[in-house]
Amino acid sequence: MLVAAAACPCPPVLVTEVAAGAAPELDAARAACAEALGVLAAARPDRLVVLGPAEEGGRYPQGSRGSFRGFGVDLDVTLGPGDAPGPELPASLAVAGWLLARTGWTDVPVEGVAVDADLPAGQCAGLGAEITGGNDRIALLVMGDGSASRSLKAPGYLDDRAAPFDAQAARALGTADLAALAALDTCLARELQASGRAPWQVLAAAAEGADLDGTLLYDEAPYGVGYLVAAWS
């Protein structure tokens, strides 16, 4: 059963070492992420599952390693304590590993689940039900960004549909509206490069019957990309 959830953005620039001199620009986002992770810890879960978008799905055990060397920084991270063999974490889960280490998350077993960014909504629902189908008290850390088309300099250039899409996602995350998350338009999300769509829809299914309340902690679009932080408990 799901006892708490946190939604956080996953750009590598959230990592202070990657952002370097621009790091202060996302200080408020980092503080909101820390607050959301505090909500997860306060729920005293038996297990933490971290969801993040990737080019293909897969599971990563605690201690899986990730790196930011591809972003010009000599920095390695793990998903929770330990050193597990296996493939390298996708960027979204590496950012999650950095956030967890930054907030001192060590007491609860951690597992990473990469979610194919193009996973159809129905399959997202199936994955969410599978993750929370046992008797463990589960907390979810859900990584993902909103649209990447909020300004002329955004990765996806300016698209008038981006702000309404992000507003819909922000309302849904801020109120724990499962139906609204499940109804996010898959094709539109792809066109707007909104990587959070699939993980958010996994969250919506995982939260069925949990009766959680949501709080929106951050909603901004620096660099023309929608970054949202929310906590459910």
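Above this text you will find the structure in question.
First, a word on scope: everything that follows refers to the structure included in this document. (Residues numbered from 1 in each chain as written. Predicted model: local features only at pLDDT ≥ 70, side-chain atom pairs only at ≥ 80, totals over all residues. Heavy atoms only, no water.)

With that settled, consider the nonpolar core. Ranked by internal contacts, the top residues of the largest apolar core, which has 46 residues, are Leu40, Leu48, Val50, Phe68, Leu100, Leu141 and Met143. Elements supplying a minimum of two residues to this core: β1 (2-8), α2 (27-42), β2 (47-54), α3 (91-102), β6 (110-116), β7 (138-143) and β9 (227-232). (Core = buried A, V, L, I, M, F, W, Y, C linked by side-chain atoms within 4.5 Å. Buried < 20%, exposed > 50% of the residue type's maximum accessible area, 1.4 Å probe, protein only. Helix = DSSP H or I, 4+ residues; strand = E, 2+ residues; numbered from the N terminus.)

Our next topic: α3. A rise of 1.5 Å per residue sets the reference length of α3, with its 12 residues, at 16 Å; its end C-alpha atoms lie 16 Å apart and thus fit the reference within 8%. In terms of burial, α3 is largely enclosed, as nine of its 12 residues are buried. Of all the positions in α3, only Ser92, Leu93, Ala94, Val95, Ala96, Gly97, Trp98, Leu99 and Leu100 are classed as buried. Remark: glycine 104 follows α3 within two positions and exhibits a positive phi of approximately 75°. (Expected span 1.5 Å × (residues − 1).)

Let's shift gears to the packing of helix α4 (residues 121-131) against helix α8 (residues 197-206). How two helices pack is summed up by the angle between their axes together with the distance between the axes. It is at 7 Å that the axes of α4 and α8 come closest, and there the two elements cross at 50°. Classified by the interaxial angle, the pair formed by α4 and α8 is oblique. Classified by chirality, the crossing of α8 by α4 is right-handed. Across the interface between the two elements, Ala121, Cys124, Ala125, Leu127, Gly128, Ala129 and Ile131 of α4 pack against Arg197, Ala198, Gln201, Val202, Ala205 and Ala206 of α8. Across the contact of α4 with α8, the residue classes break down as 10 nonpolar, two polar and one charged. (Axes fitted to C-alpha atoms, helices over the stretch in contact; angles between N-to-C directions. Parallel < 35°, antiparallel > 145°, perpendicular 65-115°, else oblique. Left-handed = near helix turned anticlockwise from the far one by under 90°. Contact = heavy atoms within 4.5 Å. Nonpolar A, V, L, I, M, F, W, Y, C, P; charged D, E, K, R; others polar.)

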